[in-house]
Every structure is written in structure tokens, then in C-alpha cells.
Amino acid sequence: ICLDNINIAASENCDYKVNGTELDPTVTGCTIRTLTYTLTGATEGTGINSLAGVRLNKDTTYVTWTVNGETSCRSRIMVVDKTPPVITCPSSQIRYTDINSCRYTVENMRIKELGINNVTDNCRIQKIFANLSGATTGDDPFAPELTLSIGVTTIKWTAIDSSGNIGTCNFQFTVIDTTPLIT
């Protein structure tokens, strides 16, 4: 008797290592001379007796079990990534307006001021993007030059992995007006 339609959470390595005989079939009846398996799909390979210690790749793997040379049953095992990306933003920042201006300009040389410190995922990052709200709004802090208005702008970074899991972080970028008042 085969286990079928099994969903297992992916590990930190974006795969799953079979623990003991947890995914092996229950075989009853006549004397068993040989028990073999063939893996197809996300993981490919062959083996004998047990899946113990086998690493199954993310996505669907089919296991065909053969007892004494005759196909006995087939299992479908789905290794699913449920872990969202971990994204780390810089601490909130304060900057002063450019000379004789009511804005602060982030040029290419200073673009790291808006960047993220770190992004990690157990599988693969598919997309990273930002959204600006508050004093300055927009969606592209990687433009060749970005001008931030006086006040507080919240920068929200979002990372999406290859399984659609989402991780976010945000920080505030405050621009203070240093233009002298004319009286």
C-alpha cells in the first residue's frame, strides 16, 4: 500500500530529506525478494528497499514501487516551499534638504541610502521591489536620480520568492528643510 498525495514543507535547503521509512510503502503478502523504486519528476533516480535519507527536490516527485519485479504502486510527493523571504531594511534615516532647495536628491552614488541590507530565502528570490509613501510617493527608488520631498517618506521593500511567498520590511526616510527663511 503506497502513500499518495503527500505535501511536505521544504527545508532551509529548498528540498526535503526523507526521515527513516516515513514514505515507504506497506508491503504484505508473499515473500519479498526485491523492493525497488524509481523517482521521476522534480527528483529522479532509483534505489532499493527504502527512501530513507533520499533528498526530494521542491515540486512534485513520483515514486513507482516495484515488488519482486512487478509494479506495485505509485506515490505522488509534493515538496512545498512555505517559507517567506527574510528581508532586512536599514534603520530609519534623517537627511537635510539640498543647498537652496526644498528637496533632498538621492543620486546614483548615494542610492544605497534607500537600499536593503539583506535578502535571503530557502529557495530562490524571484522579484524585489519598493514602494514609497508619505511625503514622496512612487515605485522605483532605483531611478538614476530620486528627489525626496520635505517630510517623512516610508520606503517599503518587498521580496517574492519562486513559490510566491512574500517578505517585507520598511523604514522611514525623513527630509528636514534647512532653507533659511527670508524676512
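Residues numbered from 1 in each chain as written. Predicted model: local features only at pLDDT ≥ 70, side-chain atom pairs only at ≥ 80, totals over all residues. Heavy atoms only, no water.

(A) Local environment of the overall build of the protein. When its secondary structure is counted, the protein shows 0 helices and 15 strands. Here the C-alpha atoms of the protein give a radius of gyration of 27 Å, more than 25% beyond the 16 Å that 2.2 N^0.38 yields for 183 residues. Overall size of the protein, expressed as C-alpha extent along the three principal axes, is 100 × 20 × 20 Å. A burial count over the protein gives 37% of its 183 residues as buried. When contacts within the protein are restricted to residue pairs at least 6 apart in sequence, long-range pairs at least 24 apart make up 61% of them. Accessible surface for the protein amounts to roughly 10700 Å². Of this, 50% is attributable to carbon and sulfur atoms. (Helix = DSSP H or I, 4+ residues; strand = E, 2+ residues; numbered from the N terminus. Rg over C-alpha atoms; globule rule 2.2 N^0.38 Å. Buried < 20%, exposed > 50% of the residue type's maximum accessible area, 1.4 Å probe, protein only. Contact = heavy atoms within 4.5 Å. Areas by Shrake-Rupley, 256 points an atom, 1.4 Å probe, with all protein chains shown as cover.)

(B) Just the sheet that holds strand β6 (residues 59-67), in detail. The 5 strands are arranged β1-β7-β6-β3-β4 in an open sheet whose pairing can be described as mixed. For this open sheet the edge positions go to β1 (6-9) and β4 (45-48), each flanked by a neighbour on one side alone. Going from strand to strand, the sheet's axes swing by 25° on average, the running direction of each strand aside. Summarising the sheet, strand β3 (residues 35-41) and β4 pair through 4 bridges and their orientation is antiparallel. (Pairing = 2+ DSSP bridges. Axes fitted to C-alpha atoms, helices over the stretch in contact; angles between N-to-C directions.)

(C) Structural context of the sheet that holds strand β12 (residues 125-134). Sheet architecture is open: 4 strands sit in the order β9-β15-β14-β12, paired in mixed fashion. Looking at the sheet topology across the chains shown, the edges are occupied by β9 (93-96) and β12. The average undirected angle you get between the axes of adjacent strands in this sheet is 25°. Bridge analysis of β12 against strand β14 (residues 151-161) gives 9 bridges, and the strand direction is antiparallel. By the bridge assignment for β14, Ile 125 is matched with Asp 161.

(D) Quick peek at the nonpolar core. The biggest cluster of nonpolar side chains holds 19 residues, and the ones touching the most others in it are Leu 23, Leu 51 and Trp 65. Counting only elements with at least two residues in this core, the list comes to β1, β3, β6 and β7 (70-80). Core analysis: the second largest hydrophobic core is formed by 16 residues, Ala 130, Leu 146, Phe 171 and Val 175 among them. (Core = buried A, V, L, I, M, F, W, Y, C linked by side-chain atoms within 4.5 Å.)

(E) The packing of aromatic side chains, seen in detail. One pass over the structure, following the stated rule, counts 2 aromatic pairs. When the ring of Tyr 104 is compared with that of Phe 173, the centres are 5.8 Å apart and the planes differ by 35°; the resulting orientation is tilted. Placement of the pair is Tyr 104 in strand β10 (residues 103-107) and Phe 173 in strand β15 (residues 166-176), with a sequence separation of 69 residues. By relative accessible area, Tyr 104 is classed as buried at 4%. A residue is classified by how much of its surface remains accessible, and Phe 173, at 0% relative accessible area, is buried. Just above the ring of Phe 129 sits the side chain of Lys 127; from NZ or CZ to the centre is 5.1 Å. (Phe/Tyr/Trp six-rings, centres within 6.5 Å; stacked < 30°, edge-to-face > 60°. Lys NZ or Arg CZ within 6 Å of the ring centre and 35° of its normal.)

(F) Looking closely at a nonpolar patch on the surface. Where nonpolar side chains cluster on the molecular surface, the patch consists of Ile 94, Tyr 96 and Ile 176 and spans about 290 Å² of accessible area. Along the chain, Ile 94 turns up in strand β9. (Patch = residues over 30% accessible without salt bridge, like charges linked within 9 Å, V, L, I, M, F, W, Y side chains within 5 Å. Salt bridge = Lys/Arg side-chain N within 4 Å of Asp/Glu carboxyl O.)

(G) Quick peek at the pattern of salt bridges. Tallying each qualifying case throughout the model produces 2 salt bridges. The shortest N-O distance in the salt bridge between Arg 55 and Asp 15 comes to 3.3 Å. Taken together, the residues Arg 55 in strand β5 (residues 55-57) and Asp 15 in strand β2 (residues 15-17) connect sequence positions 40 residues apart. The class of Asp 15 is buried, set by a relative accessible area of 9%. For Lys 58, the salt bridge identified is with Asp 59, shortest N-O distance 3.6 Å. Asp 59 sits in the partly exposed class, given a relative accessible area of 38%.

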